[in-house]
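# Close look at the chain arrangement
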Amino acid sequence: MNFSFESILKQAESDEITSDEAVFLFKETENFAKAQQLFITAAHVRDSEKGRSFQWSGGIATILPCTLDPLCAYCPYWVKPSTALTIDEILTGVRYLDEHGITNFHLSGGTTLTSDGSDVVSIVEEIRKISKSEITVNVGAGLSLASLVALKDLGVTKVGSSFEVINPKLFSKFKAGDSLEKKKALAQQISDLGFGLGTGMLAGLNIEPSRYQDYADFIFHVKQYENLESVYVSRFFPNKGTPLENHPRCSTTEGARIIAIMRLVLRNIDIGPAAGWSYDDIPVWVNAGGGNRIGGIHISRVPSYKKPWFLHTAVKYENRMEYCNTIPVAGAMLAEVGITDIRY
């Protein structure tokens, strides 16, 4: 099949690209000059479909212990098991977010595949006693139909089923303790019940040329869910002490190319970074068509594998908890690329 790079980008300004065209663009944009042309087109699509108004969001993790066995091959909890926040600590985090104007946040981690989700429902019930904020729940496939219905009754509007990889062979290799089929079933239930669906990709597990087909397959798989609202793109980075400590890092440019090509397919959803990116990367992914929600505050247990923060002035440690408030520096970096309308 003969493709023209320029004609695909021109057509993509108004119409979504196909899976074959996506794979073609991945290959072509190994050339950085062409990658820059891709980014310009993707940013144009973002501006046309979503506008240039962004919204701050927050996050609280880990709300539940992770019992996957084995842990995902890249997970830092290989070094030391996760320690979930207590309900009092979660509520302290919610108050902090409210005090700083954050009106939407996610509750994440960990996953117990046999859970019925009642533990998550109990946490949200307590939160609802002190906050009316928009809540996203992301605890993997540890939710039952009954718990999803209960969360909906509590005003939860979005639930996550984060695949990270959709290739069954890669999933079983790197996520042997998790279940791809259960994640697919959960994603369908989320959409069927009328929740917004959030999901995510972990780029860089496959380092062969076939990874481009994997990326395209992921994009077109999640596209099928009617209520898809957001996709994050994480870039693999090796954590010492994990089975993948010697696996190559996923580059900034590759992550940006994924965001850009995803934008040419999933044109009106939130697409942004997660693990493996830094706040220095904000201009990169925004100029590649990412947006329109950005994390401003993240609250977690002080991790045992904590590394020195280059944004040390943005991080506060108190009572075994880490408060990372990057709104000032992230706002400045967004302004550098012309994003000045940022809502709370």
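Cut-offs used in this document
- Residues numbered from 1 in each chain as written.
- Predicted model: local features only at pLDDT ≥ 70, side-chain atom pairs only at ≥ 80, totals over all residues.
- Heavy atoms only, no water.
- Helix = DSSP H or I, 4+ residues; strand = E, 2+ residues; numbered from the N terminus.
- Contact = heavy atoms within 4.5 Å.
- Expected span 1.5 Å × (residues − 1).
- Buried < 20%, exposed > 50% of the residue type's maximum accessible area, 1.4 Å probe, protein only.
- Salt bridge = Lys/Arg side-chain N within 4 Å of Asp/Glu carboxyl O.
- Pairing = 2+ DSSP bridges.
- Right-handed = clockwise from strand over helix to strand, strands pointing away.

Per an unreviewed UniProt entry, the chain carries the name Radical SAM protein and comes from Methanospirillum lacunae.

### Side note on the environment of Ile219
Examined against the element boundaries, Ile219 turns out to sit in helix H9 (residues 211-222). Separated by 200 residues in sequence, Ile219 and Ser19 place their C-alpha atoms 8.5 Å apart. Dropping the residues within four chain positions of it, Ile219 is found in contact with Ile261, Met262, Val265 and Leu266.

### Some details on helix H4 (residues 87-99)
When the terminal C-alpha atoms of H4 are compared, their 18 Å separation across 13 residues agrees well with the 18 Å that a helix rising 1.5 Å per residue should span. Buried residues of H4: Glu89, Ile90, Leu91, Gly93, Val94, Tyr96 and Leu97, and no others. Contacts from the buried residues of H4 go to strand E1 (54-61), strand E2 (104-108), helix H5 (118-127), strand E8 (293-301), strand E9 (315-318) and strand E10 (321-325). A positive phi of about 85° marks Gly101, the residue just after H4.

### Some details on the pattern of salt bridges
Taken as a whole, this structure holds 20 salt bridges when the rule is applied. One salt bridge in this structure joins Arg46 and Asp47, with 2.8 Å as the shortest N-O distance. With a relative accessible area of 2%, Arg46 lands in the buried category. Between Glu318 and Lys316 there is a salt bridge; the shortest N-O distance is 4.0 Å. Accessibility expressed as a relative area gives 39% for Glu318, which makes it partly exposed. The structure contains a network of salt bridges with shared partners spanning Lys50, Glu134, Asp270 and Arg293.

### Here's the deal with the pairing of strand E6 (residues 228-235)
The two faces of the sheet receive side chains in turn, since in a regular strand these alternate between them. Among the eight residues in E6, six count as buried, and that is most of the element. In terms of strand pairing, strand E5 (residues 196-203) meets E6 through seven bridges, oriented parallel. Bridged to Leu202 within E6 is Ser234. Of the pairings in the sheet, the one linking E6 to strand E7 (residues 270-273) comprises four bridges and is parallel in character. Along E7, the bridge assignment pairs Tyr232 with Gly272. For the crossover that starts at E6, traverses helix H10 (residues 252-263) and ends in the parallel E7, the hand is right-handed.

### Some thoughts on the pairing of E10
The element E10 is extensively covered by neighbouring structure, given that five of its five residues are classed as buried. Side-chain alternation along E10 places Met321, Tyr323 and Asn325 on one buried face and Glu322 and Cys324 on a second face that is also buried. In the sheet, E8 pairs with E10 via five bridges, with the strands oriented antiparallel. Bridge pairing in E10 links His298 to Cys324. Pairing of E9 with E10, which is carried by four bridges, proceeds in the antiparallel orientation. Looking at the pairing, Glu318 lines up with Met321 of E10. In this structure, the hairpin formed by E9 and E10 is closed by a connection of two residues, where Asn319 is found at a positive phi of approximately 50°.

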